[in-house]
Amino acid sequence: MLGDRWRVTDAEVERRYACDGFVTDPTLVAWRGVAVAAPPEQVWPWVTQIRVAPYSYDWVDNLGRRSPRTLLGMPEPVVGEAFTACAGRPVGRVEAVEPGRSLTGFILGAWMTYDVVPTAEGSTRLLLKIVMETSRPVAAVVTLGDLVMARRQLRTWKALAESSPIPRAPA
């Protein structure tokens, strides 16, 4: 399907993601990825902040409210809590968490998994997989729309993680 892959390798497409366990026969399957010149522990806190804002085009999916540009010191995500927020209102649901590695949520009929994958060089691959059971025409539209939005989201997190210090646990 047009727009189903952006900056992911064949190996990244073939790997298993937590969202795969929620949809047995998806109509929509899309992967996105970005290389982040920061270690996973510097990337993960930004990913978990999806719970307060979408980090994409804020004027579209956050009704003009700017996603935070500082780390908020949030606790780890918990299954059952809101997955994200739009204009300060909770949306979706966290479905699975592997702290420091993987966050899966359900929103608007789609399951999405963000995986924070360490590289041999000490940097990170930030991967997103989206699966959904829907009609083919809807899948085609959602895939292309998501490509634009997810690309912006991943690039925003990349820039923020690369410019922020590594979070340290309190002493």
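Note: the structure precedes this text.
A quick note: this is a predicted structure, and the numbers were derived from the prediction, not measured.

S.K.: I'm lost on helix α2 (residues 40-48) in this one. Help?
M.R.: Among the 9 residues of α2, 8 are classified as buried, and the element is accordingly described as predominantly covered. Those residues of α2 that sit buried are P40, Q42, V43, W44, P45, W46, V47 and T48.

S.K.: What is the right way to read the sheet that holds strand β5 (residues 93-98) from this model?
M.R.: Read across the sheet, 6 strands follow the order β1-β2-β8-β7-β6-β5 without closing on themselves; strand pairing throughout is mixed. In this open sheet, the two edge strands, each paired with only one partner strand, are β1 (5-6) and β5. Two strands pair when backbone bridges link them, and strand β7 (residues 110-118) and strand β8 (residues 124-132) are joined in this way by 9 bridges, in the antiparallel orientation. Looking across to β8, one finds that V117 is bridged to R125. Strand contacts of α2: β2 (28-36), β5, β6 (102-107), β7 and β8, with the helix running at about 160° to β7, the strand carrying the most contacts.

S.K.: Any chance you could explain the nonpolar core here in plain terms?
M.R.: Most often, soluble globular proteins have nonpolar side chains that are buried together. One finds V43, V47, F83, Y114, L126, L154 and W157 to be the most contacted residues of the largest nonpolar core, which totals 30 residues. Looking at this core, the elements with two or more residues in it are β2, α2, β6, β7, β8 and α4 (136-163). Counting residues per element, this core draws most heavily on α4, at 5 residues. By size, the runner-up hydrophobic cluster in this structure holds 9 residues, among which are V8, C19, W31 and V131.

S.K.: Just checking my understanding: could you explain the packing of aromatic side chains for this structure?
M.R.: Any pair of aromatic rings gets described here by the distance separating the centres and the angle formed by the planes. With the rule as written, the count across this model stands at 6 aromatic pairs. Summarising the aromatic geometry, the rings of Y55 and W157 are spaced 5.9 Å apart at their centres and angled 45° between planes, so their arrangement reads as tilted. Residue Y55 is located in the loop between α2 and α3 (58-61), and its partner W157 is located in helix α4; the two are separated by 102 residues in the primary sequence. The same class applies to Y55 and to W157, which are both buried. An angle of 50° between the planes, with centres 4.2 Å apart, marks the rings of F106 and W111 as tilted.

S.K.: When you look at the environment of S56 in this model, what are you seeing that I'm missing?
M.R.: Tracing the chain through its elements places S56 in the loop between α2 and α3. Only 2.8 Å separates the side chain of S56 from the backbone oxygen of M149, close enough to count as a polar contact.

S.K.: Which parts of the structure should I look at to understand the environment of V148?
M.R.: You can see V148 is positioned in helix α4. In sequence terms V148 and G3 are 145 residues apart; their C-alpha atoms lie 9.3 Å from each other.

S.K.: Could you clarify how one ought to interpret the pairing of β8 in this entry?
M.R.: A regular strand places its side chains so that they alternate between the two faces of the sheet. Most of β8 is tucked away: 9 of the 9 residues are buried. Burial of the side chains of β8 extends over both faces: T124, L126, L128, I130 and M132 are buried on one face and R125, L127, K129 and V131 on the other. Counting the residues that bridge the hairpin from β7 to β8 gives 5 residues, and of these G122 lies at a positive phi of roughly 90°.

S.K.: Even after reading the chapter, I still don't get the pattern of salt bridges, so can you show me in this structure?
M.R.: Opposite charge on two side chains permits them to pair, given that their charged atoms come into close proximity. One pass over the structure, following the stated rule, counts 9 salt bridges. Where R5 meets D10, a salt bridge forms, and the shortest distance between an N and an O atom there is 2.8 Å. Looking at D10, the relative accessible area reads 55%, which means it is exposed. Each member of the salt-bridge network shares a partner with another, and the members are R16, D20 and K129.

S.K.: Hey, could you run me through the pairing of β2 in this one?
M.R.: Of all 9 residues in β2, 7 are buried; the element is thus mostly enclosed. In this structure, β1 lies alongside β2, joined through 2 bridges in parallel fashion. The residue of β2 that forms the bridge with R5 is W31. Judged from the 9 bridges that link them, β2 and β8 form a sheet pairing that is antiparallel. If you follow A35 over to β8, its bridge partner there is R125.

About the thresholds
Residues numbered from 1 in each chain as written. Predicted model: local features only at pLDDT ≥ 70, side-chain atom pairs only at ≥ 80, totals over all residues. Heavy atoms only, no water. Buried < 20%, exposed > 50% of the residue type's maximum accessible area, 1.4 Å probe, protein only. Helix = DSSP H or I, 4+ residues; strand = E, 2+ residues; numbered from the N terminus. Pairing = 2+ DSSP bridges. Contact = heavy atoms within 4.5 Å. Axes fitted to C-alpha atoms, helices over the stretch in contact; angles between N-to-C directions. Core = buried A, V, L, I, M, F, W, Y, C linked by side-chain atoms within 4.5 Å. Phe/Tyr/Trp six-rings, centres within 6.5 Å; stacked < 30°, edge-to-face > 60°. Polar contact = N/O pair within 3.5 Å; in protein donor to acceptor, adjacent residues only side chain to side chain. Salt bridge = Lys/Arg side-chain N within 4 Å of Asp/Glu carboxyl O.

Function cannot be read off these values alone, since they describe shape.
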